[in-house]
Number of protein chains: 4
Amino acid sequence: MIKAAIIGDGYTAADLLRLLAGRDEVKVEIITSTENTGRKISQVYPHLDGFYDLTLAATDLHQIKQSCQVAFLALPHGLSVPMVQELVSSGVRCIDLGADFRLKDAAVYEKYYETVHAAPYLLADAVYGLPELYRDKIRQASIVANPGCYPTSAILPLAPLLNSGVLESQGIIIDSKSGVTGAGKSPKPSSHFCEVNEGIKAYGVGDHRHGPEIAQELSLAAGTKVEMIFTPHLVPMNRGILSTIYARLRPGARLSQVRSVLEEFYGAEPFVRILPEGVFPHTKWVYGTNFLDVGVHVNEASGQVILISALDNLTKGASGQAIQNLNIMFGLPETRGLFFPGVHP
Amino acid sequence: MIKAAIIGDGYTAADLLRLLAGRDEVKVEIITSTENTGRKISQVYPHLDGFYDLTLAATDLHQIKQSCQVAFLALPHGLSVPMVQELVSSGVRCIDLGADFRLKDAAVYEKYYETVHAAPYLLADAVYGLPELYRDKIRQASIVANPGCYPTSAILPLAPLLNSGVLESQGIIIDSKSGVTGAGKSPKPSSHFCEVNEGIKAYGVGDHRHGPEIAQELSLAAGTKVEMIFTPHLVPMNRGILSTIYARLRPGARLSQVRSVLEEFYGAEPFVRILPEGVFPHTKWVYGTNFLDVGVHVNEASGQVILISALDNLTKGASGQAIQNLNIMFGLPETRGLFFPGVHP
Amino acid sequence: MIKAAIIGDGYTAADLLRLLAGRDEVKVEIITSTENTGRKISQVYPHLDGFYDLTLAATDLHQIKQSCQVAFLALPHGLSVPMVQELVSSGVRCIDLGADFRLKDAAVYEKYYETVHAAPYLLADAVYGLPELYRDKIRQASIVANPGCYPTSAILPLAPLLNSGVLESQGIIIDSKSGVTGAGKSPKPSSHFCEVNEGIKAYGVGDHRHGPEIAQELSLAAGTKVEMIFTPHLVPMNRGILSTIYARLRPGARLSQVRSVLEEFYGAEPFVRILPEGVFPHTKWVYGTNFLDVGVHVNEASGQVILISALDNLTKGASGQAIQNLNIMFGLPETRGLFFPGVHP
Amino acid sequence: MIKAAIIGDGYTAADLLRLLAGRDEVKVEIITSTENTGRKISQVYPHLDGFYDLTLAATDLHQIKQSCQVAFLALPHGLSVPMVQELVSSGVRCIDLGADFRLKDAAVYEKYYETVHAAPYLLADAVYGLPELYRDKIRQASIVANPGCYPTSAILPLAPLLNSGVLESQGIIIDSKSGVTGAGKSPKPSSHFCEVNEGIKAYGVGDHRHGPEIAQELSLAAGTKVEMIFTPHLVPMNRGILSTIYARLRPGARLSQVRSVLEEFYGAEPFVRILPEGVFPHTKWVYGTNFLDVGVHVNEASGQVILISALDNLTKGASGQAIQNLNIMFGLPETRGLFFPGVHP
């Protein structure tokens, strides 16, 4: 039995608890909070009533080190670094759902997150937790930097195509549309029902923090610096990201390779579904699941390629992927607790 | 030209500005704020860009007294009392969109709003601003207590029927469903998009503050103490209240009177539409408008009556009604600026 | 391995498939359709891609009789009767998710469903499939009449209280609010996105077909004819029913009995959660699950009781309950495949 | 008094009626229908109750010719051509809200709309009804081809920039997101509430009919063939289009020109609002209005330009623009009946 701690009690923590309910091999021993200490988990999340007998407590790293083998950190950026430092040094493996260990270059982190990274020496150890790309490294990792929701939706469709030289590495456009859970649980004007409902807007135009994370991973895949634009939008729905990605075929590549490279690369992957020709994903199809669906369009005349991906930002874009990483790290079947269809409609 | 001040900059203030844009006889001179002082109105409400050249300022009663004949108070309860005291004493007529002057009995106010009423002597002067019932008094009023949104939806269908002895005054049930703008503009967990979207819940079960307001007015109409239950619910939509009202026919009354009394009472009213037999209202039909639509169902066998009413909580339930009151108070045609169909669908 | 057929491919069929995916003891052998014959299930329901290798076919009862032990009928009313007749006579146990076997009195069925019942002699054999009330009979049943979604939400909170004489059997009001999946998958004006979104309305006022079904079961529980009113409303959300139920304490009963009777009756039930004092359900808490949550309010002064229940109309209100019945009928643990928390938020 | 006929009774017809209610200079004499003949307009559109005394009738061109000076055609493509032929020849000026007269090249029309154009000789006479570009021609036009909703959102931001040589004419990407009213009033699986709600998808990828319309107008503005990609998406909301447009600065142009050209071109336009630096539009800000809001982002380093536009697809994208055209055609102030702020929130 793997004993786990969850540090934080926002939406990604709630999704971890949903996905871990009833698991035989993993038990959540501890969940911590700043605002809800002393409350039962079913008081904070009544949908979990009957599944956990947990009381939220202030974060006590000593206790976690004594009783847990793994910790999920579901915290705002900046807060994970000192905790991971301490936990890892005591042998607790860490899966950080925040941004603190995703960027390899501390300077980029500091620019975009406007905070000094307290332990840049750990960045080299941290493994970017995208199983489809880094499965082997994740197996041994003591720190897994769980990817951002937008980056997961953009990197998975593009990485194999850049890596195999099918697409140009310049002029890529990623136009993403997200549900509101991505903005977190704290009430803010921008997540007020009446401000979001019955409308759509772009935000973070030109400077969203997930931009450099996407660029880093695409450049690693391409073996050269990738130039891209990323524009996120807020859609009136709870869950889901749809990314519409525009790229150009590289001279010499054939259009048919776009589909064939993706189908080959993801053929054996349990959680990536390359949709048939002419079918494009709907975020509802992956609602609450760990799937990433990808539709492919190529224009014969112009050489333009459109990739459209859909995932659930809290599941494959956060907590589901974190559990996929846990399964890998602890030698469990990778799909354990994650392979089920979504609630539809 | 009537010069008006709006004290407060929440959603009801925004709806006042929407409805007053382009009016010839009324000019908004001043709008005040606590959080947005110094900002242009189009920065706070970009949809108003091009309609007002107003900058939000801290509330300065002296300035309002010098330049305005009327003030709309769109504030949380408790804050209006001292302002109204001062404004009225200087001849500025006040339309209070909050709860401070609605309840005739200061003790009831203090029980439900958990605050001492600072000027109970003014309660006798304040006129409950439901034009269809109190038009004549509103004409002369120096203080108009603009009704709550739920009360407007419940009182208008019931008052004529209670007044004419068609319905029993006991055992009335008012089951109301509201959009989220009713909860105000400040971000709160209960108005977070993800907590509201794709679900419905009841709240304030048994003790919502609009209960005594409804009871007061129904009892006045019936000429006897009315016993009723009021249960509000939160629906994932921005605007609209639907109230489903259950009552019983009084012995001796005929079922046909339910419809005939309502049709007669409201026949000449511009903003109350009694729907044809078998038609029940949809809140979309009154979206953004000053209408109240009412559907009527009577059960021959059991003597049970169901009245279903729909209004826009921000318009007929707040700001539209406030402007209807303004029109009456200043001798303007009552429908001026308010008689237009809703945006549909 | 229990082999099952699903007759029909609407939303309740889709939810059966969701819930049966990955089950060890049950295998869906056949799914039938009128509109989608020849298509793969993943073409009709792409969210099921990877879970089933089924092609929709026209209904062939002969084939079902040869290969299946149980059939789920997910059809419009009237269509199930002849199929159930034939299947049952060949030993295939039937779980009918439609209305054809719910009403014990064929005359009531014929009045409300405006069709002649082709096999009224079967009505006595059919067991009303509410496990919490009829578990023992379900175990042996050859025909299970799976309850309607609204009735499930109304009967479960009320039945034990009527049965134990805590509540008056007269003057009960059930004000229900439902998501749009309850209207089925076929496109209709009333389920067009733009007609439903951002609004709420009542429908079937005074004559909805679920009224007599509720009355039948409440009367059986009370041991006397129950008089009640049922008003359904359409809410802009996919899934969920919230029923707000108003009743009166019977003379001699104590208010505390309301809660104690419910807690005792449902204490050992896995899928009914009686919420703590002061907590009222949100349909989101049961989204996609087989739970029914109930909140209780009693008014000391007036003896008025408010019960508020929430369920997912497609799951506990249809397909989840059908599988709960299947589990009971075939001697499997009743919670198998059904005990998981909802997707939240 | 200008007498108008509306041919068709879908959503754009409803928005025409909303906007023309209470107009002094224009009177809707006739509204025609195929499905709702004989019904009062308030039976089909209850929100219009009290504003019109119109009964829907079958289309009778003879009657229209006798009594009307102008006809709005709000029909599926293909149906307008013969009607416009006949009406125009009798001196009735026509504003076609459909697609039949938008494309100058009948061959392109026939390819994308899969129907033969019955009167290609009229295409040269028809004026593309975008007032900001073609105001002078509209004034005299006997046939106005009212632009598509997506094209309006894409052409207005781009045309001045292409015309003045600020942007490259190649590699433009238009990623558009629309509400569901754009799909029309007829119930279809793709506009079923449950299929749209709580999700987002792309559609018409690579071959949407509005693509060639956009290309035609952009090419006319640029004076050269513009190469672009247009991808529409369906968003769970009733009204609104947000178009995120990606283009590149032309060598020699300065980034500051992007904003300055737009501000100059649209400075005196009543319905186009160029938003301040750093502000990007929300479709809610133009809800129910005739405004087009545009936000501008330029990337110093890369020369990449992002334009984001928002409009209400039924108003500036259809019926509002049609009335703007009517005002121009008949010498009325262009803003008459159209200059009001949106309903917010």
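The rules behind these values
Note that residues are indexed from 1 along each chain, following the sequence as it is written. Chain labels run from A onward and ligand labels from 1 onward, assigned in the order the entries are written. Totals for whole chains, interfaces and linings use every residue, but because this is a predicted model, local features are given only for residues with pLDDT of at least 70 and side-chain atom pairs only at 80 or more, for both listing and counting. The basis for the side-chain values is all heavy atoms of the structure; hydrogens and waters are excluded. The contact criterion used throughout is that any non-hydrogen atoms of two residues lie within 4.5 Å. Buried area: the sum, over both parts, of the accessible surface (1.4 Å probe) that disappears when the two are put together. The term polar contact refers here to a pair of N or O atoms within 3.5 Å; inside protein, the definition further demands a hydrogen-donor-capable atom paired with an acceptor-capable atom, and it admits residues adjacent in sequence only when both atoms are side-chain atoms. In this description a helix means any DSSP run of H or I spanning at least four residues, a strand means any run of E spanning at least two, and both kinds are numbered starting from the N terminus. Here the nonpolar group is Ala, Val, Leu, Ile, Met, Phe, Trp, Tyr, Cys and Pro; Asp, Glu, Lys and Arg are the charged ones; every other residue, Gly included, is treated as polar. Here pLDDT means the predictor's own confidence in every residue, given as a number from 0 to 100. For helices, the fitted line uses only the C-alpha atoms of the stretch in contact; every axis is such a line through C-alpha atoms, and the angle between N-to-C directions lies from 0 to 180 degrees. In this scheme, roughly parallel covers angles under 35 degrees and roughly antiparallel covers those over 145, while 65 to 115 is roughly perpendicular and the rest are oblique. Take the far helix as your reference; a near helix turned counterclockwise from it by less than a right angle gives a left-handed crossing, and one turned clockwise gives a right-handed crossing. A helix is expected to span 1.5 Å multiplied by its residue count minus one. Note on bend: the value at a residue is the angle between axes fitted to the seven residues ending there and to the seven starting there. Relative accessibility decides the category of a residue: with a 1.4 Å probe and only protein chains considered, values under 20% of the type maximum give buried, values over 50% give exposed, and everything between is partly exposed. In this comparison the copies share one frame, found by least squares on the C-alpha atoms of residues holding pLDDT of at least 70 in both. Here, a salt bridge means any side-chain nitrogen of Lys or Arg that lies within 4 Å of a carboxyl oxygen of Asp or Glu. To qualify as a nonpolar core, a set must consist of buried Ala, Val, Leu, Ile, Met, Phe, Trp, Tyr and Cys residues joined through side-chain atoms within 4.5 Å.

**Regarding the interface of chain A and chain D**
Right, so step 1: Counting from both sides, the interface comprises 41 residues of chain A and, opposite them, 41 residues of chain D.
Right, so step 2: For the pair chain A and chain D, the summed buried area comes to about 3300 Å², and 63% of that belongs to carbon and sulfur atoms.
Right, so step 3: Linking chain A with chain D are 22 residue pairs in polar contact (both at pLDDT 80 or more), by the criterion used here.
Right, so step 4: Elements supplying a minimum of two residues to the side of chain A that touches chain D: strand 7 (172-178), helix 8 (193-196), strand 8 (201-202), strand 9 (228-234), strand 10 (241-248) and strand 13 (304-311) of chain A.
Right, so step 5: For the side of chain A that touches chain D, a count of residues per class yields 18 nonpolar, 14 polar and nine charged.

**Here we look at the confidence of the model for chain A**
Right, so step 1: Averaged over every residue, the pLDDT of chain A is 96; the share at 70 or more is 100%.
Right, so step 2: Of the two predicted TM-score estimates for the complex, the pTM is 0.97 and the ipTM is 0.96.

**Topic: the packing of helix 7 (residues 149-163) of chain B against helix 9 (residues 210-222) of chain B**
Helix packing geometry: the angle between the two helix axes and the distance between the axes.
Residues and elements named next belong to chain B.
Right, so step 1: Relative orientation of the contacting elements helix 7 and helix 9 amounts to 20 degrees, with a least axis distance of 9 Å. Between helix 7 and helix 9, the angle falls in the class roughly parallel. The handedness of the crossing between helix 7 and helix 9 is right-handed. Side by side, helix 7 and helix 9 meet where Cys149, Tyr150, Pro151, Ala154, Ile155, Leu158, Ala159, Leu162 and Asn163 of the first sit next to His210, Glu213, Ile214, Glu217, Leu218, Ala221 and Ala222 of the second.
Right, so step 2: Tallied by class, residues from the contact of helix 7 with helix 9 come to 12 nonpolar, two polar and two charged.

**Describing helix 7 (residues 149-163) of chain C**
All names here are of chain C.
Right, so step 1: Taking 1.5 Å per residue, 15 residues should reach 21 Å; helix 7 reaches 21 Å between its end C-alpha atoms and fits that length.
Right, so step 2: The axis of helix 7 is deflected most strongly, by about 40 degrees, at Ile155, and proline Pro157 appears within four residues downstream.
Right, so step 3: Most of helix 7 is tucked away: 14 of the 15 residues are buried.
Right, so step 4: Positive backbone phi, approximately 70 degrees, marks Gly165, located one or two places after helix 7.

**Looking at the relation of the copies chain A and chain D**
Taken together, a rotation about one axis and a shift along it account for how the two chain copies relate.
Right, so step 1: Overlaying chain A with chain D gives an RMSD of 0.0 Å, the required rotation being 180 degrees about an axis along which the chain moves by 0.0 Å. In symmetry terms, the pair is related by a two-fold rotation axis.
Right, so step 2: Here 100% of the contact residues of chain A are again contact residues in chain D; the copies associate through an equivalent surface.

**Details of the relation of the copies chain D and chain B**
Right, so step 1: After a rotation of 180 degrees and a shift along the axis of 0.0 Å, chain D superposes on chain B with an RMSD of 0.0 Å.
Right, so step 2: A share of 100% of interface residues in chain D that are also interface residues in chain B marks the association as one of identical surfaces.

**Some details on the interface of chain D and chain B**
Right, so step 1: Contact residues are listed per partner, giving 31 residues for chain D and 31 residues for chain B.
Right, so step 2: Interface area for chain D against chain B, summed over the two sides, is near 2700 Å², with a carbon-plus-sulfur share of 64%.
Right, so step 3: Its largest share of buried area at the contact with chain B, chain D owes to His47(D), Pro341(D) and Pro345(D), together 24% of the area lost on that side.
Right, so step 4: On the surface where chain D and chain B come into contact, there are zero salt bridges.
Right, so step 5: At the surface where chain D touches chain B, the tally comes to eight residue pairs in polar contact (both at pLDDT 80 or more).
Right, so step 6: If you tally residues by element for the side of chain D that touches chain B, the top one is helix 1 (residues 11-20) of chain D, at four residues.
Right, so step 7: A per-class count over the side of chain D that touches chain B returns 16 nonpolar, eight polar and seven charged.

**Quick word on the nonpolar core**
Nonpolar side chains in soluble globular proteins generally cluster together in the buried interior.
Right, so step 1: Core analysis: the biggest nonpolar cluster contains 404 residues, and Phe72(A), Phe72(B), Phe72(C) and Phe72(D) have the highest contact counts within it.
Right, so step 2: With residues near it in sequence (within four places) discarded, Phe72(D) still touches Ala4(D), Ala5(D), Ile6(D), Ile7(D), Leu16(D), Leu20(D), Ile95(D), Leu97(D), Ala322(D), Ile323(D) and Leu326(D).

**Some words on the pattern of salt bridges**
All names here are of chain A.
Right, so step 1: All chains considered together, the criterion is met by 76 salt bridges over all chains.
Right, so step 2: The salt bridge involving Lys27 is made with Glu29; its shortest N-O contact spans 2.9 Å.
Right, so step 3: Three or more residues are tied together by salt bridges with common partners; here these are Asp15, Arg18, Arg239 and Asp312.

**Some thoughts on the environment of Ile229(C)**
Right, so step 1: Take Ile229(C): it is sitting in strand 9 (residues 228-234).
Right, so step 2: Note on Ile229(C): relative accessible area 13%, which makes it buried.
Right, so step 3: In this structure the C-alpha to C-alpha distance between Ile229(C) and Tyr246(C), which are 17 residues apart in sequence, comes to 9.9 Å.
Right, so step 4: Ile229(C) has contacts with Tyr246(B), Gln304(B), Ile306(B), Ile172(C), Ile173(C) and Ile174(C), leaving out every residue within four places of it along the chain.

**Quick word on unusual backbone geometry**
The phi angle of most residues is negative, glycine excepted, and most peptide bonds adopt the trans form.
Right, so step 1: Residue His344(B) is joined to Pro345(B) through a cis peptide bond whose omega torsion reads 0 degrees.
Right, so step 2: Residue placement: Pro345(B) occurs in the segment after helix 11 (315-329).
Right, so step 3: The backbone of Glu198(A) sits at a positive phi, close to 60 degrees, despite the residue not being glycine.
Right, so step 4: Looking at the element boundaries, Glu198(A) is found in the loop between helix 8 and strand 8.
Right, so step 5: Judged by relative accessible area, Glu198(A) falls into the buried class, the value being 0%.

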